[in-house]
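Tertiary structure, described
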Amino acid sequence: LLTFHDLTPLRRVEEMRADFVANASHELRTPLAALSGFIETLQGSAREDTKARERFLAIMQEQARRMARLIDDLLSLSRIELNAHRRPDTPVDLVPIVRQVVDGLEMLAHDRGVSVNVEAANALTVLGDRDELVRLFENLIENALKYGAAGKRVDIKLAPGAAADGSPEAQVGVRDYGPGIAPEHLPRLTERFYRVDVTESRAQGGTGLGLALVKHILNRHHGRLTIESAPGAGATFTVHLPTAGTGAA
Ligand code: ADP
């Protein structure tokens, strides 16, 4: 008896993993190189220069924070992947979760001059992991505040709806009125480390992992993300989560 195994999918997974490690290392090496460079400068030419020292230390702190954010996101991603096949089974209401996230981002919204409006159903219950859902909405709303700031306004709408097959779902739309995203980027946005504009993402303190986290959290919840956008017309990121079997009406 001969059995054949198609190794192609396996090899593909291995390649993706290798790519991911290479990307993650590169992302960590960039701030690390900056830190090493400034340490050398502080030990050498800038030793007695108080003004330069202050400035360099501030940059070094920012680079260290960037490394910390990246490690944080990498750990979250691996934790979510570890539980990928265990669907959360606790009923949670999305409305207070979204409101809590909006409150937490009030400072950022204020800094960017953006007003956030939340329009919500009375309650919108899904089976979920509370912490992961907080993380998910943090990423989407933070992106809208950062990349869509020019629009001055972000609208969040929570409402019951139906999936294509008619099954009930909760829909949460996060709409901004910023520059939007060109269509060729849309299918790739949830890939790890994919960014439309790397410089802009770095300037905003991004890691390139936010939407990958969103996608993994949604997979675990049997949900999905849709993105509608056109250049100049802002962007709407909509989260769809099944509500059947939650005990909610
Ligand atoms: P990052 O850490 O870079 O923000 P994300 O995975 O959260 O990473 O987002 C990936 C990229 O998608 C961002 O770098 C940005 O180019 C683009 N993007 C995300 N949200 C928006 C938005 N609301 N408007 C325009 N571009 C966006």
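Residues numbered from 1 in each chain as written. Predicted model: local features only at pLDDT ≥ 70, side-chain atom pairs only at ≥ 80, totals over all residues. Heavy atoms only, no water.

Considering the pairing of strand β5 (residues 168-176)
With nine bridges joining them, strand β4 (residues 153-162) and β5 adopt antiparallel strand pairing. For Lys157, the partnering residue across the bridge sits in β5 and is Gly173. Where β4 hands over to β5, the hairpin turn is made up of five residues, of which Gly166 adopts a positive phi near 90°. Pairing of β5 with strand β7 (residues 235-242), which is carried by eight bridges, proceeds in the antiparallel orientation. The partner of Arg175 across the bridge, within β7, is Thr236. (Pairing = 2+ DSSP bridges. Helix = DSSP H or I, 4+ residues; strand = E, 2+ residues; numbered from the N terminus.)

Quick word on the pattern of salt bridges
Throughout the structure, instances matching the rule amount to ten salt bridges. For the salt bridge of Arg195 with Glu27, the shortest nitrogen-to-oxygen distance reads 2.6 Å. Of this pair, Arg195 sits in the loop between β5 and α6 (198-203) while Glu27 sits in helix α1 (residues 8-43), and the two are 168 residues apart along the sequence. The salt bridge partner of Arg192 is Glu81, with a shortest N-O separation of 2.8 Å. Here Arg192, found in the loop between β5 and α6, pairs with Glu81, found in helix α2 (residues 50-82); they are 111 residues apart in sequence, far enough to count as distant. By relative accessible area, which is 31% here, Glu81 ends up partly exposed. Here the salt bridges share partners, and the residues they tie into one network are Glu27, Arg195 and Arg202. (Salt bridge = Lys/Arg side-chain N within 4 Å of Asp/Glu carboxyl O. Buried < 20%, exposed > 50% of the residue type's maximum accessible area, 1.4 Å probe, protein only.)

Quick notes on the sheet that holds strand β6 (residues 224-229)
The strand order across the open sheet built from five strands is β2-β4-β5-β7-β6, with neighbouring strands paired in mixed fashion. Two strands bound the open sheet, and with one partner strand each, they are β2 (115-120) and β6. For this sheet, the mean inter-axis angle between neighbouring strands, taken without regard to orientation, is 15°. (Axes fitted to C-alpha atoms, helices over the stretch in contact; angles between N-to-C directions.)

What to know about the packing of α2 against helix α7 (residues 210-220)
In helix packing, the relevant descriptors are the interaxial angle and the interaxial distance, both defined with respect to the helix axes. As a packed pair, α2 and α7 sit with axes 10 Å apart at the nearest point and diverge in direction by 20°. What the angle tells us is that α2 and α7 run roughly parallel. The hand of the α2/α7 crossing is left-handed. Contact residues: Asp73, Ser76, Leu77, Ile80 and Glu81 in α2; Ala212, Leu213, His216, Ile217 and Arg220 in α7. Partitioning the contact of α2 with α7 into residue classes produces five nonpolar, two polar and three charged. (Parallel < 35°, antiparallel > 145°, perpendicular 65-115°, else oblique. Left-handed = near helix turned anticlockwise from the far one by under 90°. Contact = heavy atoms within 4.5 Å. Nonpolar A, V, L, I, M, F, W, Y, C, P; charged D, E, K, R; others polar.)

These results come straight from atomic positions and should not be treated as a statement about function.
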